[in-house]
Amino acid sequence: IETQMSYVISDPHYLDFEFSLTPKKTPLSENPRMGALFTSLLNKPGDAGIYALGTTESHPNPIWLRLSVDQPGAAMMAESAETGEKAPFTGWFLPMYYGLVQGYLYLVMFSTAEVGGLEETQLVLPWLSTPTGQAKRPSWDFAFTSPTARLNEKRLLRGRLVYKKFVSREDVVDEYRKWAWKAQ
């Protein structure tokens, strides 16, 4: 698999990135998959959870969810960021998530205008884990996968990372909307 990544840092607090996967040899299996995992290991961010707009079985309309891992090796849990009610997670509303690091926003956003088979490209948002013995060092990750891998067919992921003082959840959504509109 050939991979390419490029990024541009711009004022006042943005890092735009583009990542692609392209199979260069005939896949060995009948149902090939391909993907990449991007890891962000944090040192004592304060709040180890991450936040996303999503839905649960009891909330079919989007709400802010706090996703966390209680102990190393445990499954990720979703709870309402407003009420603390825990419910099974059912889906994402916007392709983004954020964490808080000592009062700063760490926001990761993804474009929905990908090139080369969007209908077959899956973005797993996010992948949250706590390494064994590292409860205060969460790993805020995301995976970019494709259920098919066709020879020389590129899969592309575009995203933006924002790191700035946290203002509000409304500001998080505004950051996404301003960027997503330009990224299309």
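As a reminder, the structure under discussion sits directly above these lines.
*Asks:* Would you take a moment to explain the overall build of the chain for this structure?
*Replies:* When its secondary structure is counted, the chain shows 1 helix and 12 strands. Seen in sequence order, the chain has helices and strands lined up from the N terminus as β-β-β-β-β-β-β-β-β-β-β-β-α. Across the 184 residues of the chain, 45% fall into the buried class. Once local pairs closer than 6 in sequence are excluded, the contacts in the chain between residues at least 24 apart make up 65%. With the model as given, the accessible surface of the chain reaches about 10200 Å², and the carbon-plus-sulfur share is 53%.

*Asks:* Quick question: what am I supposed to make of the environment of Glu18 here?
*Replies:* On the secondary structure map, Glu18 appears in strand E2 (residues 14-22). In the structure, Glu18 is positioned 138 residues away from Leu156 in sequence and 7.1 Å away in space, judged by C-alpha atoms. If sequence neighbours within four positions are ignored, Glu18 has contacts with Gln4, Met5, Ser6, Leu156, Leu157 and Arg158. Looking at Glu18, its side chain comes within polar contact range of the side chain of Arg158, at 3.3 Å.

*Asks:* Even after reading the chapter, I still don't get unusual backbone geometry, so can you show me in this structure?
*Replies:* Note on backbone geometry: most residues besides glycine have negative phi, and most peptide bonds are trans. A cis amide bond, omega 0°, links Asp11 with the succeeding residue Pro12. Tracing the chain through its elements places Pro12 in the loop between strand E1 (2-10) and E2. With a phi angle near 50°, Gln102 is a residue other than glycine that sits in the positive phi range. Gln102 gets classed as exposed once you look at its relative accessible area, which sits at 56%. Located in the positive-phi region is Asn152, a residue other than glycine, with phi close to 60°.

Rules used throughout
Residues numbered from 1 in each chain as written. Predicted model: local features only at pLDDT ≥ 70, side-chain atom pairs only at ≥ 80, totals over all residues. Heavy atoms only, no water. Helix = DSSP H or I, 4+ residues; strand = E, 2+ residues; numbered from the N terminus. Buried < 20%, exposed > 50% of the residue type's maximum accessible area, 1.4 Å probe, protein only. Contact = heavy atoms within 4.5 Å. Areas by Shrake-Rupley, 256 points an atom, 1.4 Å probe, with all protein chains shown as cover. Polar contact = N/O pair within 3.5 Å; in protein donor to acceptor, adjacent residues only side chain to side chain.

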